[in-house]
Amino acid sequence: MNVSIIVTTYKRVNLLERAVLSCLNQDYKSSFEVIVVDDNGKGTEAQILTEKMLGKYPQVVYLPLEKNSGACIARNKGVEKARGSFLFFLDDDDEFLISKLRTQITIMEDSPNLDGCLAGFIRRENDTQQNIVAPSNFPVVGDLVNFAIYGNFFTPMLCVRREAFLKTGGFDDIPRFQDRFWMIKALEHQMNFACLNKPLHIMYEHGDHRITASSIDKSLQSLDTIKEKLLSNKSKFTSEEWKLFLIKDFRMRGVIFYTAKLYSKRLQSIS
């Protein structure tokens, strides 16, 4: 088995089939498997509906978790099940473009020094089907310092060698920004990533993006975890580079408050 695609799902059976079909319809000619990790919890209505829908696709490996455990644990469970030398990850509400596997695997096979390869995506408004053009649609990595200051990475961008992923210890169970935290760990291990300014998957934006007070707390907690991680690597930064990281961290916190549902919270983005 050459490639494993890990699709995690939670309460989105209506969207999951699109994601699964985008994996099964890849133009990649070598062997690959699609693993759906069901994070709804066994016996729940969502789990039962998900299992029923996936019954149409016997070639898909179905892995239901006993209880809802979160995206990080679900992805790690998928990796434990995976047999492929290369790993891909997909969220249940997004989809791969047809050349996703072929394009990134070709780069990886041609460059044995690479631990992973990232590609851009098309950002699309789910309701209007309008594309959203933004610099964040494309990956930025470099070394640890560059990533801390300028980096941009979402998990479905990634193709990674299985042994490299395992060396990082997998995804950490933090509430938000798990992909960013994982990349910091990978760069601590001096891993190398190619970045393609070519869209190879579609990420759908859904409706109102305002977040709740509890989500604000989780986001701030996750940013604190990332900052603490980078503090342990502060010796790798010049004083000017550390200032640039702190500015980015401050801006991210401001955006979190700006996207809050409560107006009183949004006011904190300018305080």
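Residues numbered from 1 in each chain as written. Predicted model: local features only at pLDDT ≥ 70, side-chain atom pairs only at ≥ 80, totals over all residues. Heavy atoms only, no water.

A. Quick look at the overall build of the protein chain. Counting its regular elements, the protein chain contains 10 helices and nine strands. The globule rule puts the C-alpha radius of gyration for 271 residues at 18 Å, and the 19 Å found for the protein chain is close to it. For the protein chain, the C-alpha atoms occupy an extent of roughly 55 × 45 × 35 Å along the three principal directions. The buried share among the 271 residues of the protein chain stands at 50%. Carbon together with sulfur atoms contributes 52% to the accessible area of the protein chain, which is approximately 13,000 Å² in total. In the protein chain, 36 positive and 33 negative side-chain charges are present, and the distance between their average locations comes to 2 Å. (Helix = DSSP H or I, 4+ residues; strand = E, 2+ residues; numbered from the N terminus. Rg over C-alpha atoms; globule rule 2.2 N^0.38 Å. Buried < 20%, exposed > 50% of the residue type's maximum accessible area, 1.4 Å probe, protein only. Areas by Shrake-Rupley, 256 points an atom, 1.4 Å probe, with all protein chains shown as cover. Lys, Arg positive; Asp, Glu negative; His and termini not counted. Charge placed at Lys NZ, Arg CZ, Asp CG, Glu CD.)

B. View of empty space enclosed by the protein. What the rule picks out here adds up to one cavity of 30 Å³ or more. Put simply, the largest cavity is a space of about 30 Å³. Every element with two or more residues in the lining of the largest cavity is listed here: α8 (213–231) and α9 (239–258). At four residues, α9 tops the list of elements feeding residues into the lining of the largest cavity. (1 Å grid on protein atoms, 1.4 Å probe; cavity = no way out; pocket = protein on both sides within 12 Å on 5 of 7 lines; lining within 4 Å. Points joined across faces, edges and corners; volume = space filled by probe spheres on them.)

C. View of the pairing of strand β1 (residues 3–9). Of all seven residues in β1, seven are buried, a share of seventy percent or more. Burial along β1 is two-sided: Val3, Ile5, Val7 and Thr9 facing one way and Ser4, Ile6 and Thr8 facing the other are all buried. Across seven bridges, the pairing between β1 and strand β2 (residues 32–38) is parallel. Each bridged residue has a counterpart across the sheet, and for Ser4 the counterpart in β2 is Glu33. The parallel pair β1 and β2 is bridged by helix α1 (residues 13–24), and the resulting crossover is right-handed. Note that β1 and strand β4 (residues 86–91) share six bridges and pair parallel. Bridge pairing in β4 places Val3 opposite Phe86. (Pairing = 2+ DSSP bridges. Right-handed = clockwise from strand over helix to strand, strands pointing away.)

D. Structural view of the layout of surface pockets. By volume, the second largest pocket is sized at about 160 Å³. Tallied by class, the residues present in the lining of the second largest pocket amount to five nonpolar, three polar and two charged. (Nonpolar A, V, L, I, M, F, W, Y, C, P; charged D, E, K, R; others polar.)

E. Up close: the confidence of the model for the protein chain. On average, residues of the protein chain score 92 in pLDDT, and 92% of them are at 70 or above. Between residues 208–212, whose pLDDT stays under 50, and residues either more than four places distant or in other chains, the model counts 13 contacts. Taken as a whole, residues 261–270 scores under 50 in pLDDT and shows 15 contacts with residues more than four places along the chain or in a different chain. (pLDDT = per-residue confidence, 0-100. Contact = heavy atoms within 4.5 Å.)

F. Looking closely at α1. If you check α1, its first and last C-alpha atoms are 17 Å apart, about what 12 residues at 1.5 Å a residue would give, namely 16 Å. Here α1 has its buried residues at Leu15, Leu16, Ala19, Val20, Ser22 and Cys23. Viewed along the axis of α1, the buried residues span an arc of 160°, placing them on a single side of the element. Tucked inside the fold, the buried residues of α1 contact β1, β2, α2 (45–54), β4 and β5 (95–96). (Expected span 1.5 Å × (residues − 1). Arc of directions from axis to C-beta.)

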